[in-house]
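# Fold and contact review
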Amino acid sequence: MKIAFSATLAAMAMMAASTVALHAQELRLSHQWSDNDVRHQVAQIVADDVAAADVGLEIRIFPTQSLFKAREQYTPLSRGQLDMTVLPLSYAGGQQPAYNLTLMPGLVKNHDHAARLNESPFMEAIEEKMADDDVMVLVHGYLAGGFAGKDSCITSPDDMGGKQTRAAGRAFEQMLAGAGASIASMASSEIYNAMQTGVLDAANTSSSSFVSYRIYEQVACYTPAGEYALWFMYQPLLMNKSTFEGLSEEQQQALMDGAALAQEFYLEEAKKEDAASREVFEQAGVEIAEMTEDDFNAWRALAQDTSYKAFIEETPDGQELLDLALAVE
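Everything in this summary refers to the structure shown in the same document.

Right, let's talk about the overall build of the chain for a bit. From N to C terminus, the chain includes 13 helices and 12 strands. When its C-alpha atoms are laid out on the principal axes, the chain stretches across 90 × 45 × 30 Å. A burial count over the chain gives 50% of its 329 residues as buried. Expressed as a percentage of contacts within the chain between residues at least 6 apart in sequence, the contacts between residues at least 24 apart total 77%. As presented, the chain carries roughly 14700 Å² of accessible surface, and 49% of it is formed by carbon and sulfur atoms. The average position of the 21 basic charges and that of the 48 acidic charges among the side chains of the chain differ by 4 Å.

Here it is, written out as structure tokens:
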């Protein structure tokens, strides 16, 4: 009888496990990129690690804007209509003006500095604002960018006078205009043709966009992100906070474990993208320029009078947030 009873219990346990497997809770994760992009890979690491943990949780990824448009993900995330997203946080600057500080010239020097910002009181303040929207961070991450000049190198504000340039973000447009440039607003995908037709003399965008849009075919000089860079954009993996809190402890832990792996990968891959872009431009015969600490400080001084000033005027607690960010060495 004991053997039969034990066999019955074992069979019931197996059935229960099968039921859990068949009815695993599904989380929907949306983003705008292809499946070979580093931001998709970050999401995939979390999804794979959660699946391997076998805690009755599954993450289904919707890439290439197949679920929500690129700039329309934050609102459904905050309302619980979407569970997770990888998103440039500045896209939600209309809802939370403080987020515009995560795409601000001269705020981040390099990737290691970005990692310190992620663990700072500045980021805690940003996360408090996310919490007000029922949003939380799973994976922190910044991607960098640089400058390219059609006929000459761009390393300092003195190099921008009289140039028609494309900038990646409103704050960068404000700063470059302050350096004497004329601004032409356009998507990264339009830089190549604008350079080719003489509409642009210079451009500022991400390392990966410089390569994927073959800008090296149209320029004489490239200033990649290195020890010093101006353009850093915070692009975290976010989750609806109530959804996370509604999961079991085991499911929450599986998510956090996967996020830790993904964040380490994100930082290393971001550095590799910058190095890879430099190599591609060098192989194409493009001159490589380096931004120095003096150059960086000159840009930051200009940003103080342009981009930072505008941010403070437009954001109720802007000065306090800016001071927190600038306090991170």
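We now examine the state of the cysteines. Chemically, a disulfide is nothing more than a covalent bond linking the sulfur atoms of two cysteines. Scanning all chains against the criterion turns up one disulfide. Two residues, Cys153 and Cys221, share a disulfide whose sulfurs are 2.0 Å apart. When the S-S torsion is 95 degrees, as for the bridge of Cys153 with Cys221, the disulfide is right-handed. Of the two residues, Cys153 is situated in the loop between β5 (142–149) and β6 (164–166) and Cys221 in strand β9 (residues 221–223); the sequence distance between them amounts to 68 residues. When its relative accessible area of 22% is taken as the criterion, Cys153 is described as partly exposed.

Before going further, it helps to examine the packing of aromatic side chains. Evaluated as defined, the whole model comprises nine aromatic pairs. A ring pair is formed by Tyr142 and Tyr234, whose centres lie 5.1 Å apart and whose planes are at 45 degrees; its orientation type is tilted. One end of the pair, Tyr142, is in strand β5; the other, Tyr234, is in strand β10 (residues 232–234), with 92 residues separating them in the sequence. Both residues of the pair, Tyr142 and Tyr234, belong to the buried class. For the ring pair Phe210 and Tyr222, a centre distance of 5.1 Å and an interplane angle of 70 degrees mean the geometry is edge-to-face. Remark: Tyr222 occurs in strand β9 and Phe210 occurs in helix α8 (residues 207–212); sequence separation between them is 12 residues. Judged by relative accessible area, Phe210 falls into the buried class, the value being 0%. Among the aromatic residues, those joined into a ring-pair cluster are Phe210, Tyr216, Tyr222 and Phe281. Positioned above the aromatic ring of Tyr91 is the side chain of Arg71, whose terminal nitrogen or guanidinium carbon lies 4.0 Å from the ring centre. One Lys or Arg, Arg214, reaches over the ring of Tyr192 and ends 5.0 Å from the middle of that ring.

Within an α-helix, residues lying three or four positions from one another point in the same direction, as the helix has 3.6 residues per turn. All of the buried residues in helix α13 (residues 318–326) are Gly318, Leu321, Leu322 and Ala325. The buried residues of α13 occupy an angular sector of 100 degrees when projected down its axis, which confines them to one face. Residues of α13 that are buried make contact with α4 (111–118), α5 (121–132) and α12 (307–314).

A few words on a negative patch on the surface. The grouping of Glu119, Glu124, Glu128 and Asp132 at the surface amounts to a negative patch. Tracing the chain through its elements places Glu124 in helix α5. Glu124 gets classed as partly exposed once you look at its relative accessible area, which sits at 48%.

For the coordinates displayed, the defined rule picks out eight salt bridges. One salt bridge in this structure joins Lys129 and Asp317, with 2.9 Å as the shortest N-O distance. Here the residue Lys129 occupies a position in helix α5, and Asp317 occupies one in the loop between α12 and α13, the gap between them amounting to 188 residues. Assessed through its relative accessible area of 18%, Lys129 is described here as buried. The salt bridge partner of Arg214 is Glu217, with a shortest N-O separation of 3.2 Å.

How each quantity is defined
- Residues numbered from 1 in each chain as written.
- Predicted model: local features only at pLDDT ≥ 70, side-chain atom pairs only at ≥ 80, totals over all residues.
- Heavy atoms only, no water.
- Helix = DSSP H or I, 4+ residues; strand = E, 2+ residues; numbered from the N terminus.
- Buried < 20%, exposed > 50% of the residue type's maximum accessible area, 1.4 Å probe, protein only.
- Contact = heavy atoms within 4.5 Å.
- Areas by Shrake-Rupley, 256 points an atom, 1.4 Å probe, with all protein chains shown as cover.
- Lys, Arg positive; Asp, Glu negative; His and termini not counted.
- Charge placed at Lys NZ, Arg CZ, Asp CG, Glu CD.
- Disulfide = S-S within 2.5 Å.
- Phe/Tyr/Trp six-rings, centres within 6.5 Å; stacked < 30°, edge-to-face > 60°.
- Lys NZ or Arg CZ within 6 Å of the ring centre and 35° of its normal.
- Arc of directions from axis to C-beta.
- Patch = residues over 30% accessible without salt bridge, like charges linked within 9 Å, V, L, I, M, F, W, Y side chains within 5 Å.
- Salt bridge = Lys/Arg side-chain N within 4 Å of Asp/Glu carboxyl O.

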